[in-house]
Amino acid sequence: MRTASWNILPEEMQLVLSREALRRAAETLAEHAELLAEEMERGTLSDRGGPDALRLFAAVVRATNEDAFGPVGHA
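Description of the structure in this document. (Residues numbered from 1 in each chain as written. Predicted model: local features only at pLDDT ≥ 70, side-chain atom pairs only at ≥ 80, totals over all residues. Heavy atoms only, no water.)

## Focus: the overall build of the protein
- Each helix and strand counted, the protein has 2 helices and 0 strands in total.
- Buried residues in the protein amount to 17% of all 75 residues.
- Taking as baseline every contact in the protein between residues at least 6 positions apart, the subset at least 24 positions apart corresponds to 52%.
- As displayed, the protein offers around 5900 Å² of accessible surface, 57% of which is attributable to carbon and sulfur atoms. (Helix = DSSP H or I, 4+ residues; strand = E, 2+ residues; numbered from the N terminus. Buried < 20%, exposed > 50% of the residue type's maximum accessible area, 1.4 Å probe, protein only. Contact = heavy atoms within 4.5 Å. Areas by Shrake-Rupley, 256 points an atom, 1.4 Å probe, with all protein chains shown as cover.)

This is the structure in C-alpha cells:
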C-alpha cells in the first residue's frame, strides 16, 4: 500500500484536510462531553454539578468550531 506524502499535497488541500480534522476533533470532544453528562444524570458517574457544565462545554466547542473554521471546502 502506498501512502501519499503530506508535503506533496497542494497547500489548499492541506488546509481543507487540516480544517476537517479539527472539526471532527471538536465534534468528538463535544460528543464525549454530552455522554459524560448523560452518565452523570443516570448516576453512573458522580454528579458534582457536571452535566450542565459539560453541556455548556459542548456548546462552546461546537460554536467555536463553526465560527473559526466554517464549512469544509470554503477556505
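Past the structure itself, the notes keep going.
## Observations concerning helix H1 (residues 11–42)
- Taking 1.5 Å as the rise per residue, H1 with 32 residues should run 46 Å; its terminal C-alpha atoms sit 47 Å apart, in good agreement.
- Within H1, the full set of buried residues consists of Gln14, Glu20, Ala26, Ala30, Ala33, Ala37 and Met40.
- Just beyond H1, the residue with positive phi is Gly43, at close to 90°. (Expected span 1.5 Å × (residues − 1).)

## A few points about the environment of Ala59
- For Ala59, the location among the structural elements is in helix H2 (residues 50–69).
- Sequence separation of Ala59 and Glu27 is 32 residues, and the distance between their C-alpha atoms is 10.0 Å.

## Focus on a nonpolar patch on the surface
- Judged by side-chain polarity, Trp6, Met13 and Leu17 come together as a nonpolar surface patch covering roughly 280 Å² of accessible area.
- In this fold, Leu17 is placed in helix H1.
- The partly exposed category is assigned to Leu17, whose relative accessible area is 39%. (Patch = residues over 30% accessible without salt bridge, like charges linked within 9 Å, V, L, I, M, F, W, Y side chains within 5 Å. Salt bridge = Lys/Arg side-chain N within 4 Å of Asp/Glu carboxyl O.)

## Brief notes about the side chain of Glu20
- Within the secondary structure layout, Glu20 lies in helix H1.
- Residue Glu20 is classed as buried on the basis of its relative accessible area of 15%.
- Among the polar contacts listed, one links the side chain of Glu20 to the side chain of Arg23, at a separation of 2.7 Å.
- A polar contact is formed between the side chain of Glu20 and the side chain of Arg24, at a distance of 2.7 Å. (Polar contact = N/O pair within 3.5 Å; in protein donor to acceptor, adjacent residues only side chain to side chain.)

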